[in-house]
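Residue-level listing of the chains:
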Amino acid sequence: MSDSPCIFPKSSSLVSTPAIFRPFANAAFCLVGLAGIFVHPVFAQQDTSDTSPGAALQRVTADIKYLSSDELAGRLPGTPQMDVCEKYIVDEFKRIGLKSAVADGSFRQTFNVGDRRVLDPAATSLTLQGPMDEMKLELDTDFRPQFARSPVDVNGELVFVGYGIRSEELNYDEYRNIDVKGKIVVMLRMEPQQQDKSSVFDGDQTSRYAYLQNKVASAADAGAAGIIMVNDGVRPEDDLAPSQTFFDAIGEMPFFHLTRQKFNEVLALQPVVRGNGDKLDSLAKIESAIDKSLEPVSQPIAGWTATLKTASPVVPVLTSNLVGVLEGEGPRADETIIIGGHYDHIGVGAFGSNA
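Below is a short write-up of the structure. (Residues numbered from 1 in each chain as written. Predicted model: local features only at pLDDT ≥ 70, side-chain atom pairs only at ≥ 80, totals over all residues. Heavy atoms only, no water.)

So, about the nonpolar core. Of all hydrophobic cores here, the largest spans 39 residues; its most connected members are Leu-126, Leu-128, Leu-158, Phe-160, Ile-228, Leu-258 and Phe-263. If you list the elements that add at least two residues to this core, you get strand E4 (125-129), strand E7 (152-160), strand E10 (184-188), strand E11 (226-230), strand E12 (255-258), helix H6 (260-269), helix H7 (283-293) and strand E15 (299-310). Apart from the residues within four sequence positions on either side, Leu-128 is in contact with Asp-133, Glu-134, Met-135, Leu-137, Leu-158, Ile-228, Leu-258, Val-266, Trp-304, Thr-305 and Ala-306. Counting residues in hydrophobic clusters, the runner-up holds 17 residues, among them Val-180, Val-216, Ala-224 and Ile-250. (Core = buried A, V, L, I, M, F, W, Y, C linked by side-chain atoms within 4.5 Å. Buried < 20%, exposed > 50% of the residue type's maximum accessible area, 1.4 Å probe, protein only. Helix = DSSP H or I, 4+ residues; strand = E, 2+ residues; numbered from the N terminus. Contact = heavy atoms within 4.5 Å.)

The structure is reproduced here in structure tokens:
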């Protein structure tokens, strides 16, 4: 290899077999993988003795299928999946006999690509305490918080506020005659009569009252200490939203998502009671009652409290160029051919993506 340094921007090499080097055997190769990741057994099991085009296609196809699989979740730098991918590539470099182009023998040129806010699971919990017992809740199964700039540790009585909507023009206020100061409000996502074309909430189109920032603003104006949001029944497949950075929408308000199943368990023990005495012991019954009457059913969940805790610190995001060398020989051994390619990607996508 020549004395020229192999220092490159982030990317990755999906070159996986020595066969492709043979047309250039007189020159040294510097193979560069730009980004970072861990190994999957498929590489070790691949037979590279067959150098036919068909065999090469099978090997490359196997690499691409694995690296683009759901298991690697889009290969976002700084994630555990990136660590997997990095090890996958480095192990293949070693297996096909490449030397490290990095002095410490690691094949990795590691560098910082910015910062990211992450959830601290050890500091995150949602506890619902009833008159008789404490409800056990599991992170990512029963609940998820949204990222917060500052650590969250709040406790308060539970108050159900329907969809959490206040509208003077529609004479619909789910905070009317309800004291939520210092309390945790539980609200439904979206708005009433979502599938009713004659609804005052813009028919079957989403009105501004369904927007997250408006719901949070109403809760904050009423003095709530935190929000627990439960998905509406129209979109049961979206039961838990991903933990993300919604600062523009939620500001400093502690904000957690809870599954419909878990809040239904609360309602089974402590139903919402309408003015006529009807007991609404499930979200489906509550939604149906509000849709039919367009009357709020807001009220305290008697005897129940919630404690919200979470932290989402900012951490540096590290990733690596992966650089390996295949030494050349003969009259052009002092020349270097550089092959590079990116192995990182956008992960599952940030706010606004399908995720």
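Buried within H6 are the following residues: Arg-260, Lys-262, Phe-263, Val-266 and Leu-267. All buried residues of H6 lie within an arc of 165° about the axis, which places them on one face of the element. Away from the buried face of H6 by more than 90 degrees, exposed residues Gln-261, Ala-268 and Leu-269 are located. (Arc of directions from axis to C-beta.)

Taken as a whole and judged by the stated rule, the model has six aromatic pairs. For the ring pair Tyr-66 and Tyr-88, a centre distance of 4.9 Å and an interplane angle of 25° mean the geometry is stacked. Pair noted here: Tyr-66 is in helix H2 (residues 53-67) and Tyr-88 is in helix H3 (residues 80-95), with a separation of 22 residues, a long-range link. Of the two residues, Tyr-66 and Tyr-88, both sit in the buried class. Here Phe-160 and Phe-263 contribute two aromatic rings whose centre-to-centre distance is 5.9 Å and whose plane-to-plane angle is 20°, an arrangement assigned as stacked. Residue Phe-160 is located in strand E7, and its partner Phe-263 is located in helix H6; the two are separated by 103 residues in the primary sequence. Residue Phe-160 is classed as buried on the basis of its relative accessible area, which comes to 0%. An aromatic cluster of three or more residues is present, and its members are Tyr-172, Phe-201 and Tyr-209. (Phe/Tyr/Trp six-rings, centres within 6.5 Å; stacked < 30°, edge-to-face > 60°.)

Among the structural elements, Arg-75 can be located in the loop between H2 and H3. What makes Arg-75 buried here is its relative accessible area of 15%. Along the backbone, Arg-75 and Cys-85 are ten residues apart, and their C-alpha atoms lie at a distance of 7.3 Å. Polar side-chain contacts of Arg-75 include one of 2.7 Å to the backbone oxygen of Leu-67. Within the local environment of Arg-75, its side chain forms a polar contact with the backbone oxygen of Tyr-343, the two atoms lying 2.7 Å apart. (Polar contact = N/O pair within 3.5 Å; in protein donor to acceptor, adjacent residues only side chain to side chain.)

Side-chain positions along a regular strand alternate between the two faces of the sheet. Across the five residues that make up E11, a large majority, five, are buried. Burial along E11 is two-sided: Gly-226, Ile-228 and Val-230 and Ile-227 and Met-229, pointing in opposite directions, are all buried. For E10 and E11, the ladder comprises five bridges, and the chain directions are parallel. Note on E11: the bridge partner recorded for Val-185 is Ile-227. (Pairing = 2+ DSSP bridges.)

A few words on the environment of Asp-232. Position of Asp-232 relative to the elements: it lies in the loop between E11 and helix H5 (247-250). It is 5.2 Å that separates the C-alpha atoms of Asp-232 and Arg-189, two residues lying 43 residues apart in sequence. Ignoring any residue separated from it by four or fewer positions in sequence, one finds Asp-232 in contact with Leu-188, Arg-189, Met-190, Gln-194, Arg-260 and Glu-287. At a separation of 3.2 Å, a polar atom in the side chain of Asp-232 contacts the main-chain amide nitrogen of Val-234.

Quick look at the pattern of salt bridges now. Going through the model one piece at a time under the given rule, you end up with 13 salt bridges. We note a salt bridge from Glu-287 to Arg-260, for which the minimum N-O separation is 3.0 Å. Taken as a pair, Glu-287 in helix H7 and Arg-260 in helix H6 lie far apart in primary sequence, 27 residues in all. Measuring nitrogen to oxygen at the nearest pair gives 2.9 Å for the salt bridge that ties Asp-281 to Lys-285. Of the residues examined, Lys-285 reaches a relative accessible area of 42% and is grouped as partly exposed. Among the charged side chains, a network of salt bridges with common partners joins Glu-157, Asp-179 and Lys-183. (Salt bridge = Lys/Arg side-chain N within 4 Å of Asp/Glu carboxyl O.)

Inspection of the secondary structure puts Lys-183 in the loop between strand E9 (172-173) and E10. At 3.3 Å, the side chain of Lys-183 forms a polar contact with the backbone oxygen of Asp-179. Ignoring any residue separated from it by four or fewer positions in sequence, one finds Lys-183 in contact with Gly-156, Glu-157, Val-159, Ala-224, Ala-225 and Gly-226.

Viewed as axis vectors pointing N to C, H6 and H7 meet at an angle of 85°, and their least axial separation amounts to 9 Å. The orientation of H6 relative to H7 falls into the category roughly perpendicular. Seen from H6, the contacting residues are Arg-260, Phe-263, Asn-264 and Leu-267; seen from H7, they are Leu-283, Ala-284, Ile-286 and Glu-287. A breakdown of the residues in the contact of H6 with H7 according to their chemical character gives five nonpolar, one polar and two charged. (Axes fitted to C-alpha atoms, helices over the stretch in contact; angles between N-to-C directions. Parallel < 35°, antiparallel > 145°, perpendicular 65-115°, else oblique. Nonpolar A, V, L, I, M, F, W, Y, C, P; charged D, E, K, R; others polar.)

On their own, these measurements won't tell you what the molecule is for.
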